[in-house]
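Spelled out, the chains give:
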Amino acid sequence: MGHTATAQAGSGGLTATEHRLANGLRVVLSEDHLTPVAAVCLWYDVGSRHEVKERTGLAHLFEHLMFQGSASVPGNGHFELVQGAGGSLNGTTSFERTNYFETMPAHQLELALWLEADRMGSLLVALDDESMENQRDVVKNERRQRYDNVPYGTAFEKLTALAYPEGHPYHHTPIGSMADLDAASLEDARNFFRTYYAPNNAVLSVVGDIDPEQTLAWIEKYFGSIPSHDGKQPPRDGSLPEIMGQQLREEIVEKVPARALMAAYRLPHDGTRECDAADVALTVLGGGESSRLHNRLVRRDQTAVAAGFGMLRLAGAPSLGWLDVKTSGGVEVPDIEAAVDEELARFAAEGPTAEEMERAQAQLEREWLDRLSTVAGRADELCRFAVLFGDPQLALTAVKRVLDITAEEVQAVAAARLRPDNRAVLVYEPIAAPEAAEAAAENDESEGAEQ
């Protein structure tokens, strides 16, 4: 039925056991009796990278359809039952996976397992044109509210499209296009579900105040009879050269509060030592108020109101280093860009100081331990490492891997990757003042008329 491993190195002696049902469902259990709660997390190995041209957005649409009712749980019942039992729940979609999760009072664990099994096994029974239309509209609305009608809201989509070439599986983001959402048929949705929402394409983790034997018996009872499915194609190859080879740029003139410089640098794949080194580098450079970019741009030069450098870890394609600088006052973007490049070049030449290494590694260690100390966070990480890297135990040793990184490795990855010819750049320019003032005046007039 699998093996048990204990995590050392700062994970507080956390353990996880692994099991596999006959239908291929992988199960990871981790006991933690500190609080009387249990987290259930289910990762399906499907994200936007599995989608094909003209059918983008299906993975994300499905995340919504999974809350629309199944054979035994009509309509909004999943939410009502979990919240009525004192639990919380949600689902999210990314490039590489779709996940669903509940955190329950421990004595309500069986309910969460039954609910997840019911929709895995019987969603197709309840999936009809009405629920498709309903959720299609919900997703379009989400797109408008979170992306299209928010300042800088489409930056992620635009940068991704620049950073990954046309035809690359990561060229489009999980939200999908309006046109593709309109074009998706009920049959497209059914085929998608049959292919990807099978037990042999999923990992289920349960973490918290559990009796492992009883938990496994419930999982066998509710999930064991769901048939596996063998029609899944492997995701398309997402590998790319280490360096983009040129700087790709786009300028956007929009109604935004301030000029902004955003950039995506191509970085090593998640799961590699180089990726952990890049994470340390970005933390030193742009992780919080003690970082180099914050000190230079916000504190010293006072040319920016915010400067951050974060990482989007990806397993099936190069990761992205995410630079985001909002300018202050009338500062021009080229001035900001010159300062950023100066700081990156200096870092590549000299590397981090011992103090910076210590601070960055402590910061990353704290973030990891915070994540693993909550039952929901640990359940999610166990699923992540199981789905993306085949081994949930790697979640429990992640802290050690970050602390093993040397200053030399951090300098090497910065010198190799944080270069102007290895980034996609977005420059935001606010709409010129007279037009903006005119638009504001018109807006005031129309609001006055409505009242």
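Refer to the structure above for everything that follows.
### Thoughts on helix H9 (residues 273-286)
Note on helix geometry: an α-helix contains 3.6 residues per turn, so any two residues three or four positions apart are oriented the same way.
Then step 1. With 14 residues, H9 should reach 20 Å at 1.5 Å per residue; the first-to-last C-alpha distance of 20 Å fits that figure.
Then step 2. By the criterion of burial, H9 is predominantly enclosed, with 12 of the 14 residues buried.
Then step 3. Residues of H9 that are buried: Cys275, Asp276, Ala277, Ala278, Asp279, Val280, Ala281, Leu282, Thr283, Val284, Leu285 and Gly286.
Then step 4. Downstream of H9 by one or two residues, glycine 288 has phi in the positive range, about 100°.

### Remarks on the sheet that holds strand S8 (residues 248-254)
Then step 1. Reading across the sheet, the 5 strands line up as S8-S12-S9-S11-S10 and stay open at both edges, with mixed pairing between neighbours. Because the sheet does not close on itself, it has two edges, and the strands there are S8 and strand S10 (304-312). On average, adjacent strands in this sheet sit at an angle of 10° to one another, irrespective of strand direction.
Then step 2. Note that strand S9 (residues 260-267) and strand S12 (residues 423-430) share 6 bridges and pair antiparallel. Bridge pairing in S12 links alanine 263 to valine 425.

### Focus: the layout of surface pockets
Then step 1. Volume-wise, the largest pocket comes out at about 910 Å³.
Then step 2. What lines the largest pocket is a set of 38 residues, and nearest its centre among them are Ser94, Arg97, Met311, Leu312 and Arg313.
Then step 3. If you list the elements that add at least two residues to the lining of the largest pocket, you get helix H1 (58-65), strand S5 (88-93), helix H4 (129-148), H9, S10, helix H12 (354-373) and helix H13 (375-389).
Then step 4. Ranked by residues supplied to the lining of the largest pocket, first place goes to H12 with 5 residues.
Then step 5. Residues that form the lining of the largest pocket fall into these classes: 14 nonpolar, 11 polar and 13 charged.

### Concerning unusual backbone geometry
Then step 1. Located in the positive-phi region is glutamate 54, a residue other than glycine, with phi close to 70°.
Then step 2. Inspection of the secondary structure assignment puts glutamate 54 in the loop between strand S4 (37-44) and H1.
Then step 3. Take glutamate 54: its relative accessible area is 54%, and that puts it in the exposed class.
Then step 4. Even without being a glycine, tyrosine 152 presents a positive backbone phi close to 60°.
Then step 5. Mapping tyrosine 152 onto the fold places it in the loop between H4 and helix H5 (155-163).

### Focus on the environment of threonine 92
Then step 1. Looking at the element boundaries, threonine 92 is found in strand S5.
Then step 2. The exposure class assigned to threonine 92 is partly exposed, which follows from its relative accessible area of 30%.
Then step 3. Along the backbone, threonine 92 and glutamine 135 are 43 residues apart, and their C-alpha atoms lie at a distance of 15 Å.
Then step 4. When near neighbours in sequence (up to four residues on either side) are disregarded, threonine 92 contacts Glu63, Arg97, Thr98, Asn99 and Phe101.
Then step 5. Polar side-chain contacts of threonine 92 include one of 3.1 Å to the side chain of arginine 97.
Then step 6. Of note is the side chain of threonine 92, whose polar atom sits 2.5 Å from the side chain of asparagine 99.

### A short note on the packing of helix H11 (residues 333-350) against helix H15 (residues 407-417)
Then step 1. One way to put it is that H11 packs onto H15 with a least axis distance of 8 Å and a crossing angle of 135°. Judged by the inter-axis angle, H11 sits oblique to H15. The crossing of H11 and H15 is left-handed. The residues of H15 that touch H11, namely those facing Phe347, Ala348, Ala349 and Glu350, are Val410, Gln411, Ala414 and Ala415.
Then step 2. When the residues that make up the contact of H11 with H15 are grouped by side-chain class, the tally is 6 nonpolar, 1 polar and 1 charged.

### Digging into the pairing of strand S11 (residues 319-327)
Then step 1. Within S11, 8 of the 9 residues are buried, which leaves it mostly tucked inside the rest of the structure.
Then step 2. Relative to S11, S9 is paired through 8 bridges, and the arrangement is antiparallel. Counterpart to methionine 262 in the pairing with S11 is aspartate 324.
Then step 3. Bridge analysis of S10 against S11 gives 8 bridges, and the strand direction is antiparallel. Each bridged residue has a counterpart across the sheet, and for phenylalanine 309 the counterpart in S11 is leucine 323.
Then step 4. Hairpin connection, S10 to S11: the antiparallel pair is bridged by 6 residues.

Cut-offs applied
Residues numbered from 1 in each chain as written. Predicted model: local features only at pLDDT ≥ 70, side-chain atom pairs only at ≥ 80, totals over all residues. Heavy atoms only, no water. Helix = DSSP H or I, 4+ residues; strand = E, 2+ residues; numbered from the N terminus. Expected span 1.5 Å × (residues − 1). Buried < 20%, exposed > 50% of the residue type's maximum accessible area, 1.4 Å probe, protein only. Pairing = 2+ DSSP bridges. Axes fitted to C-alpha atoms, helices over the stretch in contact; angles between N-to-C directions. 1 Å grid on protein atoms, 1.4 Å probe; cavity = no way out; pocket = protein on both sides within 12 Å on 5 of 7 lines; lining within 4 Å. Points joined across faces, edges and corners; volume = space filled by probe spheres on them. Nonpolar A, V, L, I, M, F, W, Y, C, P; charged D, E, K, R; others polar. Contact = heavy atoms within 4.5 Å. Polar contact = N/O pair within 3.5 Å; in protein donor to acceptor, adjacent residues only side chain to side chain. Parallel < 35°, antiparallel > 145°, perpendicular 65-115°, else oblique. Left-handed = near helix turned anticlockwise from the far one by under 90°.

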